[in-house]
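# Report on the structure
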Amino acid sequence: MIDIKFLRENPDVVRASQKGRGEDVSIVDKVIAIDEVRRAALEKFETLRAEQNLLSKSVGAAKGDEKAALLENAKELATKVKEADSKRAEVEEESKQLIMQLSNILDPAAPIGGEADFVVIEHVGTPRTFDFEPKDHVELGKLLGAIDTERGAKVAGSRSYYLTGVGAMLEFALVNYAISSALKAGFTPVIPPVLVNPAAMEGTGFLGQAAENVYHLEKDDVYLVGTSEVPLAAMHMDEVLPADKLPMRYAGYSSCFRREAGTYGKDTRGIIRVHQFDKVEMFSFCHPDQAQEEHKRLLQWEKDFLNAMEIPYRVIDVASGDLGSSANRKFDIEAWIPTQEAYREVTSTSNCTEFQARRLNIRFKDADGTKAVATLNGTLVAIPRMIVAILENHQNADGSVNVPAALQPFLGTERFELV
RNA sequence: GGAGGAUUCGCAUAGCGGCCGAGUGCGCACGCUUGGAAAGCGUGUAUAGGGCAACCUAUCGAGGGUUCAAAUCCCUCAUCCUCCGCCA
């Protein structure tokens, strides 16, 4: 949610931001208009209420005929107050609905444009040249007894899979490596709930445009999270965090559930795009002035992970039209996938500034008062895509796969052999 | 799933339909006292919104209702605790 005071004072900035995202600019003026109506309605109600409070007191003090007369007036006033109050509530709700439609204000540094208009910040590592025909992860997964998509489909439908044998072991190794490096970096490890209530989902902004990708359990009115960003962000909902504890960093490990509606025909092969996967997510609550630096740090931790996996990748600055509504800037890391001869997204980090915290009512207190914190998130490792990258990049001609040195202590082997 | 109890200002508690935005204790901050500290004494100590100054308004788990007036009465819901049942 945008700060209404900021919008009042800088409508042009908000207009430009909406335009840059390719979103509705006219909302800005609608918000300004309704905000005036809102304040007028509020003032009217408050004046009447003040009058009523006074009158009520004199009723209490009065006696006999005098009291009867006052009561007469008070009754009349009470209906007026009720009317003014419901008008106020109505306008406030309307105003809130409109404000909620506005996305976060873009970082001026974010590239403007659509999905294809990202800016490549850097390339790290060089895609390997194979002296044999590289196999894709589905084939390798079969040869190693690591991934079983056929049985996944049989049991759970399309975009489902089993990780078996070294596949399962690889997940444990990745998670262990991720959590132990997060610990070293000062994160608090967290295993969050993956079943959350509407307030948590709503507050983190996943019931907007992203709603169709969220699983909802109607009978109990709870949602399956698509990322542990949701329970991690909502963890401190309605709290005032101690300023001297910021930044507060959490590394959440959880399953993630995504309906993947509207992706028919996209990445149908293998485990690049699936309905359920596990992920270690970094989440940071920090001082708004620190948000940009924190964002760089999250990106660095993501790079460290890719480096440790010895996988070539590039970092992109995601364009305005492709940002989530909460993010003011987003960096994606894309790993080189040999059989696709392309870089594919494996991690992503967003700076949500105070946008998300304002919705969730997460604040901190310092000398100037109580203000919204900034929230940032970043993927440390999303298991299936990392498995794809590791298998494909480190394969040998016979289908065996070399284990990156960083993972060897967790796996007790240097190489995955065919089964 | 059933039966009871609870939910008040950081914590613990008091609270009669109007004198309650709310008392007390602890904690915290500042001051006095002291060589210094403790104790003691004094003062202060929620959040949000509107004017942005005085001030006003809202908030006693949430949402409704009764009333001129609700922390206080009624209804619905949520959470926690105890007991019973069921499942592990």
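Parameters and conventions
Residues numbered from 1 in each chain as written. Chains lettered and ligands numbered in written order. Predicted model: local features only at pLDDT ≥ 70, side-chain atom pairs only at ≥ 80, totals over all residues. Heavy atoms only, no water. Helix = DSSP H or I, 4+ residues; strand = E, 2+ residues; numbered from the N terminus. Buried < 20%, exposed > 50% of the residue type's maximum accessible area, 1.4 Å probe, protein only. Contact = heavy atoms within 4.5 Å. Areas by Shrake-Rupley, 256 points an atom, 1.4 Å probe, with all protein chains shown as cover. Lys, Arg positive; Asp, Glu negative; His and termini not counted. Charge placed at Lys NZ, Arg CZ, Asp CG, Glu CD. Phe/Tyr/Trp six-rings, centres within 6.5 Å; stacked < 30°, edge-to-face > 60°. Pairing = 2+ DSSP bridges. Near = heavy atom within 4 Å. Polar contact = N/O pair within 3.5 Å; in protein donor to acceptor, adjacent residues only side chain to side chain. Nonpolar A, V, L, I, M, F, W, Y, C, P; charged D, E, K, R; others polar. Axes fitted to C-alpha atoms, helices over the stretch in contact; angles between N-to-C directions. Core = buried A, V, L, I, M, F, W, Y, C linked by side-chain atoms within 4.5 Å. Salt bridge = Lys/Arg side-chain N within 4 Å of Asp/Glu carboxyl O. pLDDT = per-residue confidence, 0-100.

### Some words on the overall build of chain A
Along chain A, the regular secondary structure elements total 13 helices and 18 strands. Once the C-alpha set of chain A is aligned to its principal axes, its extents read approximately 100 × 45 × 45 Å. Buried positions account for 49% of the 419 residues belonging to chain A. Excluding contacts between residues fewer than 6 apart, the proportion of contacts in chain A whose partners are at least 24 apart in sequence is 72%. As displayed, chain A offers around 20,200 Å² of accessible surface, 51% of which is attributable to carbon and sulfur atoms. Computing the positive centroid from 49 side-chain charges and the negative centroid from 64, chain A places the two 3 Å apart.

### Digging into the packing of aromatic side chains
With the rule as written, the count across this model stands at seven aromatic pairs. Their ring planes at 80 degrees and their centres at 6.2 Å tell us that Tyr177 and Phe410 sit as a pair that is edge-to-face. With Tyr177 in helix α7 (residues 166-184) and Phe410 in helix α13 (residues 408-411), this pair connects stretches of sequence that are 233 residues apart. Note on Tyr177: relative accessible area 18%, which makes it buried. Ring centres of Phe187 and Trp301 lie 5.0 Å apart, and the angle between their planes is 75 degrees; on these two criteria the pair is classed as edge-to-face.

### Some remarks on the pairing of strand β14 (residues 363-366)
Side chains on a regular strand alternate between the two faces of the sheet. Across three bridges, the pairing between strand β8 (residues 240-242) and β14 is parallel. Within β14, the residue paired with Val240 across the bridge is Arg363. Two strands pair when backbone bridges link them, and β14 and strand β15 (residues 369-372) are joined in this way by four bridges, in the antiparallel orientation. Bridge assignment links Lys365 to a residue of β15, and that residue is Thr370.

### Regarding the protein's contact with RNA strand B
Neighbouring RNA strand B are 24 residues, the closest being Arg39, Arg49, Ser56, Leu71 and Lys75. Looking at RNA strand B alone, sugar and phosphate atoms form 67% of those within 4 Å of the protein. With respect to RNA strand B, the side chain of Arg8 contributes an N or O atom lying 3.1 Å from a phosphate oxygen. At a separation of 2.6 Å, a phosphate oxygen of RNA strand B approaches a polar side-chain atom of Arg49. Those elements that place two or more of their residues in the surface near RNA strand B are α1 (4-9), α3 (26-61), α4 (64-100) and β14. Each residue belonging to the surface near RNA strand B can be placed in one class, and the counts come to seven nonpolar, five polar and twelve charged.

### Some points on the sheet that holds strand β7 (residues 222-224)
Strand pairs in the sheet, formed through backbone hydrogen bonds, run parallel or antiparallel to each other. The three strands lie next to each other as β5-β7-β6, forming an open sheet whose pairing is antiparallel. Taken across any chain shown, the strands that pair with only one partner, and hence form the sheet edges, are β5 (195-196) and β6 (215-217). The pairing of β5 with β7 spans two bridges and is antiparallel. Across the sheet, Leu195 pairs through a bridge with Leu224, a residue of β7.

### A few points about the packing of helix α2 (residues 11-21) against α3
Packing of α2 against α3 brings their axes to within 8 Å, and their N-to-C directions diverge by 145 degrees. Residues Pro11, Val14, Arg15 and Gln18 of α2 touch α3, and the partners they reach there are Ile27, Val28, Asp29 and Ile32. Per-class residue counts for the contact of α2 with α3 are five nonpolar, one polar and two charged.

### Overview of the nonpolar core
Leu174, Phe305, Met309, Met386, Ile387 and Leu407 are the most contacted members of the largest nonpolar core, which totals 56 residues. Sorting elements by how many residues they give to this core places α7 first, with eight residues. By size, the runner-up hydrophobic cluster in this structure holds 24 residues, among which are Val196, Tyr223, Leu246 and Ala357.

### Observations concerning the pattern of salt bridges
Under the defined criterion, the tally for this structure stands at 21 salt bridges. The salt bridge involving Asp35 is made with Arg8; its shortest N-O contact spans 2.8 Å. With a gap of 27 residues between them, Asp35 in helix α3 and Arg8 in helix α1 connect regions that are remote in the sequence. Under the relative-accessibility criterion, Arg8 is labelled partly exposed at 34%. The partner of Glu281 in a salt bridge is Lys279, and the shortest N-O contact between them spans 2.7 Å. Accessibility classification places Glu281 together with Lys279 in one group, the buried group.

### Describing the side chain of Arg314
Looking at where Arg314 falls in the secondary structure, it is placed in strand β11 (residues 313-317). Other than its neighbours up to four places away in sequence, Arg314 contacts Phe118, Val120, Glu122, His123, Asp332, Ile333, Glu334 and Tyr343.

### Some thoughts on the sheet that holds β8
The sheet built from three strands is open, its strands ordered β8-β14-β15 with mixed pairing. If you trace the sheet from one side to the other, it starts and ends with β8 and β15, each paired once. This sheet shows a mean twist of 40 degrees between the axes of neighbouring strands, independent of strand direction.

### Topic: the side chain of Glu334
Tracing the backbone through its elements, the reader meets Glu334 in strand β12 (residues 329-337). Each residue touching Glu334, except ones within four places of it in the same chain, is listed here: Pro312, Tyr313, Arg314, Ile316, Tyr343, Arg344, Glu345 and Val346.

### Let's talk about the confidence of the model for chain A
Here chain A averages 91 in pLDDT, while 99% of its residues score no lower than 70. Interface confidence for the predicted complex, expressed as ipTM, amounts to 0.81; the pTM equals 0.91.

### Points about the environment of Ala74
With respect to the helices and strands, Ala74 occurs in helix α4. The exposure class assigned to Ala74 is buried, which follows from its relative accessible area of 17%. Not counting chain neighbours up to four residues away, the residues in contact with Ala74 comprise Leu55 and Val59.

### Focus on the environment of Ile272
Structurally, Ile272 can be placed in the loop between β9 (248-257) and β10 (276-286). Considered as a pair, Ile272 and Ala389 are 117 residues apart in the sequence and their alpha carbons are 9.8 Å apart.

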